[in-house]
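# Structural overview for review
For reference, the chains in residue letters:
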Amino acid sequence: MTLVGGGPGEWDLLTIRGLRALQAADVILTDHLGPAEQLAEFVDVGGKEIIDVAKLPYGKQVAQERINQLLVEHALGGRKVVRLKGGDPYVFGRGYEELAACDAAGVTCTVVPGVTSAISVPAAAGIPVTERGVNHAFTVVSGHLPPGHPKSLVDWGALARTGGTIVVVMGVRNVRAIAQSLVDAGLAASTPAAAVQDGETARQKVVGGTLGSLADDMERAGISSPAVYVIGEVAARARA
Ligand SMILES: C[S@@+](CC[C@H](N)C(=O)[O-])C[C@H]1O[C@@H](n2cnc3c(N)ncnc32)[C@H](O)[C@@H]1O
């Protein structure tokens, strides 16, 4: 079984190794953020079984178990299986869960890294996550839970003090609470901030401002998921 990172947006951010794995596959399991809809543009899909696991009719948790089961069943049936994901499989992509399920079933799994949205989507809007003389760090953080949520594993106060770039993925819904908690922890409301929706696609939308205005800016521009936002001096480089 091969886990392939498909990159964000247009399919040509896929690596050559990932492309080769897809060309050799008998079965490809896709989901909504990978380059699934464009698959036929770069792979001869004739004779391959394509399973869109984003459409599995189950709740979230069960669906992941079902995906693991499908990967293992097909691989044990002697078929070359590729699991195509958006971005990089190991960046908030549940890649490790799928690899562990394969390991547990005695199925060999290899991982083909992908171009992660955390770096490439800001880049698509002109934002370098690092810049010499400006910062010495960047942090990628999931914003799927708001600060203070009992299940949150993020120390937002510590993040406010890193002095580096903060890249938030899966954080559209919680942007107001996240921005407020960073300001409360001492990060200046005047810190540049920018959001990028549908990066690396023809629909790409960029909005720039400051940490203090980010939630309002995103709301006004109608920014919705999938989107990444960047907080830090480098966000001032954003280009629409
Ligand atoms: C479940 S995470 C998967 C991340 C993926 N593994 C990666 O490395 O890019 C999904 C989040 O990635 C971000 N994302 C993925 N593709 C994107 C795109 N084309 N434009 C903007 N954000 C994107 C969004 O924050 C989205 O909510």
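Treat the numbers as computed from the prediction; the structure is a model and nothing was measured.

A count of helices and strands for the protein gives 8 helices and 10 strands. For the protein, the C-alpha radius of gyration of 19 Å lies close to 18 Å, the compact-globule estimate for 240 residues. Judged by the C-alpha coordinates and their principal axes, the protein covers about 55 × 35 × 35 Å. Relative to its full complement of 240 residues, the protein shows a buried share of 48%.

Bringing the side chain of T191 into the picture now. Here T191 lies in the loop between α7 (175-184) and β8 (192-197). Overall, T191 belongs to the buried group, its relative accessible area being 9%. Filtering out sequence-adjacent residues up to four positions away, T191 remains in contact with G209, T210, L211, I231 and G232.

Within helix α4 (residues 95-104) the residues assigned to the buried category are G95, E98, L99, A101 and C102. The arc enclosing the buried residues of α4, seen along the axis, measures out at 160°, which places them on a common side. Across α4 from its buried face, at more than 90 degrees, point the exposed residues Y96 and A104. Directly beyond the C-terminal end of α4, a positive phi value near 80° is found at G106.

Take the pattern of salt bridges next. Counted by the stated rule, this structure contains 10 salt bridges. With a closest N to O distance of 3.0 Å, E49 and R79 form a salt bridge. Within this pair, whereas E49 is found in strand β3 (residues 49-52), its partner R79 is found in the loop between α3 (60-76) and β4 (81-85), the two being separated by 30 residues in sequence. For E49, a relative accessible area of 32% puts it in the partly exposed group.

Near the ligand you find 20 residues, and of these V91, T116, S117, G199 and A227 are the closest. T116 has a polar side-chain atom sitting 2.7 Å from an oxygen atom of the ligand. At a separation of 3.5 Å, a nitrogen atom of the ligand approaches a polar backbone atom of D198. Coverage of the ligand by the protein amounts to 90% of the 580 Å² it exposes when considered alone. If you list the elements that add at least two residues to the shell around the ligand, you get α5 (117-124) and β10 (227-231). For the shell around the ligand, the class distribution of residues is 11 nonpolar, 7 polar and 2 charged.

Looking now at the environment of C109. Relative to the helices and strands, C109 is located in the loop between α4 and β5 (110-112). The spatial distance from the C-alpha of C109 to the C-alpha of L99 is 6.0 Å, given a sequence separation of 10 residues.

Quick look at the sheet that holds β8 now. Across the sheet, 5 strands lie side by side as β6-β7-β10-β8-β9; this open sheet has mixed pairing. The open sheet has two edge strands with one neighbour each: β6 (138-142) and β9 (205-210). Strand-to-strand twist of the sheet, defined as the mean angle between neighbouring strand axes without regard to direction, takes the value 15°. The pairing of β8 with β9 spans 6 bridges and is antiparallel. When the sheet's bridge partners are listed, P192 is paired in β9 with T210. Those strands touched by α5 are β6, β7 (165-169), β8 and β10, and its axis lies near 80° from that of β10.

Our focus in this paragraph is the nonpolar core. Counting residues in each nonpolar core, the largest one holds 22 residues, and the members touching the most others are I166, L182, L187, L214, M218, Y229 and I231. Put simply, the parts of the chain that give this core at least two residues each are α6 (156-160), β7, α7, β8, α8 (214-221) and β10. Here the element with the most residues in this core is α7; it accounts for 4 residues. Filtering out sequence-adjacent residues up to four positions away, I166 remains in contact with T139, V141, L159, L182, L187, Y229, V230 and I231. Of all hydrophobic cores here, the second largest spans 17 residues; its members include A75, V81, L99 and C102.

Cut-off values and rules
Residues numbered from 1 in each chain as written. Predicted model: local features only at pLDDT ≥ 70, side-chain atom pairs only at ≥ 80, totals over all residues. Heavy atoms only, no water. Helix = DSSP H or I, 4+ residues; strand = E, 2+ residues; numbered from the N terminus. Rg over C-alpha atoms; globule rule 2.2 N^0.38 Å. Buried < 20%, exposed > 50% of the residue type's maximum accessible area, 1.4 Å probe, protein only. Contact = heavy atoms within 4.5 Å. Arc of directions from axis to C-beta. Salt bridge = Lys/Arg side-chain N within 4 Å of Asp/Glu carboxyl O. Near = heavy atom within 4 Å. Polar contact = N/O pair within 3.5 Å; in protein donor to acceptor, adjacent residues only side chain to side chain. Areas by Shrake-Rupley, 256 points an atom, 1.4 Å probe, with all protein chains shown as cover. Nonpolar A, V, L, I, M, F, W, Y, C, P; charged D, E, K, R; others polar. Pairing = 2+ DSSP bridges. Axes fitted to C-alpha atoms, helices over the stretch in contact; angles between N-to-C directions. Core = buried A, V, L, I, M, F, W, Y, C linked by side-chain atoms within 4.5 Å.

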